[in-house]
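Below are the chains, spelled out letter by letter.
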Amino acid sequence: MLGWYRDQLRQFGFVTATMLLFRVATSRILVNLANKLLPPTLSCPCCGWSGRKFYDYIEVGYTVRNAACPRCDSHPKHRQYFLWLTREYKLNKKTGVAVIFAPERAFNQVWQNTKDLRVFRVDYETTRDIDAQVDLQELALTTNAVDLVWCHQVLEHIEDDAAAMRELNRILRPDTGELVVSVPMTDAAATVEYGFPDPKESGHWRIYGDDFVTKLEASGFDVKKVDFVVSAREAAKFGTSDEAFYVCRKPSVG
Ligand SMILES: [Zn+2]
C-alpha cells in the first residue's frame, strides 16, 4: 500500500494522491466489515477466498466496484482466465517452456502446479516477483523456443507495440506454440493512440479497437478468439468478466 501511495504521489501530487488513499481506505474498511458480518456469496477460484464483497478498484478517474479479491488481488478477468486455464485449456497437462509477462499474483499457484512446464516469469519492472527483467520491444530470448507465452494487459503499456508483437512472434515455437494475449479494448473499429503514457489511464499508450486482431495478424500470428463462457450462476459467484482474449499460433514458413 505504501509503494502504491508513493506511486500516486509521484504521478498526481499530494492532494489527489491523499484523497485517493482516503477513498481506498474507506472503501476497504466497509468491504472488510461486510465480509465479517454478512454470509458469503462470492468466491475466488484462484485462491479459494470466499466472502460477501470483493474490494473496489479505485484509480484517479475511475472506479470498478466489487472487483479485486481481498486475498490474491484477482480481478474479474483473472478469474475468467483461471477457469479457462484449468477447465478448458488443461494447463496442468502442458509441457515445454512458458514465458509469463507481468506475472499476476493471482496465478502464482496455478503456474507452480504445472509440473511439466518450465515457467519463466518476466517483467520490465522489478517490483514483481520475477525470474528476469526484459524489454518486450527487444527480448533477450531464443527464437522459436517458447511453447506458451502469457501476455495479458501488457501491450498497452509499451510505446512500440508493433515491435513487441514481432518479438512475441519471434520467440514462439512454430505451429504448436501458443500466445495467450489480451489488451484493454473498446467496441471502436480502430485503436486510439494517445502518443504518451496517459497517467489517467494507468499509464496506457493507447486503447485498442477491433483492429487489435489485424495488428496481431500483421505480426505473423494466426489468431483465435477464445470462446469460453461460464453459467450465469458461476459468473455471479466467481465475479468473472467476459472480456475478449485470444490464443495465437505462429504457422511455420514454407
Ligand atoms: Zn483470490
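Small disclaimer: the values here were computed from a predicted structure and weren't measured.

**Quick word on the coordination of the zinc ion**
Logical step 1: Of the protein atoms, only Cys-44 (SG), Cys-47 (SG), Cys-69 (SG) and Cys-72 (SG) coordinate the zinc ion, at distances of 2.3 Å.
Logical step 2: Of note is the zinc ion, whose 4 donor atoms meet at the metal with angles of 103 to 114° in an arrangement that counts as tetrahedral.
Logical step 3: All donors to the zinc ion come from one chain, and their sequence spacing reads C-x2-C-x21-C-x2-C. Here Cys-47, found in the loop between β1 (42-43) and β2 (50-51), pairs with Cys-69, found in the loop between β4 (62-68) and α3 (76-88); they are 22 residues apart in sequence, far enough to count as distant.
Logical step 4: A relative accessible area of 25% places Cys-47 in the partly exposed class.

**Focus on the nonpolar core**
Logical step 1: In terms of nonpolar packing, the biggest core is built from 30 residues, with Trp-84, Leu-85, Leu-91, Phe-107, Trp-111, Leu-148 and Trp-150 touching the most fellow members.
Logical step 2: Those elements that place two or more of their residues in this core are α3, β5 (96-101), α4 (108-112) and β8 (148-152).
Logical step 3: Ranked by residue count, the leading element in this core is α3, at 5 residues.
Logical step 4: Not counting residues within four places of it along the chain, the set of residues in contact with Trp-84 comprises Tyr-89, Trp-150, Val-180, Val-226, Phe-228, Phe-245 and Val-247.
Logical step 5: Ranked by size, the runner-up nonpolar core spans 27 residues in total, among them Val-154, Leu-168, Leu-172 and Val-183.

**Quick notes on a nonpolar patch on the surface**
Logical step 1: Nonpolar side chains collect at one region of the surface, where Leu-9, Phe-14, Val-15 and Met-19 lie side by side and expose about 420 Å² of accessible area between them.
Logical step 2: Here the nonpolar patch takes 3 residues from helix α2 (residues 14-37), the largest share from any one element.
Logical step 3: Inspection of the secondary structure puts Phe-14 in helix α2.

The rules behind the values
Residues numbered from 1 in each chain as written. Predicted model: local features only at pLDDT ≥ 70, side-chain atom pairs only at ≥ 80, totals over all residues. Heavy atoms only, no water. Donors = N, O, S within 2.8 Å, 3.2 Å for Na, K, Ca; no water. Tetrahedral: all angles 85-135°; square planar, octahedral: opposite > 155°, others 65-115°. Helix = DSSP H or I, 4+ residues; strand = E, 2+ residues; numbered from the N terminus. Buried < 20%, exposed > 50% of the residue type's maximum accessible area, 1.4 Å probe, protein only. Core = buried A, V, L, I, M, F, W, Y, C linked by side-chain atoms within 4.5 Å. Contact = heavy atoms within 4.5 Å. Patch = residues over 30% accessible without salt bridge, like charges linked within 9 Å, V, L, I, M, F, W, Y side chains within 5 Å. Areas by Shrake-Rupley, 256 points an atom, 1.4 Å probe, with all protein chains shown as cover. Salt bridge = Lys/Arg side-chain N within 4 Å of Asp/Glu carboxyl O.

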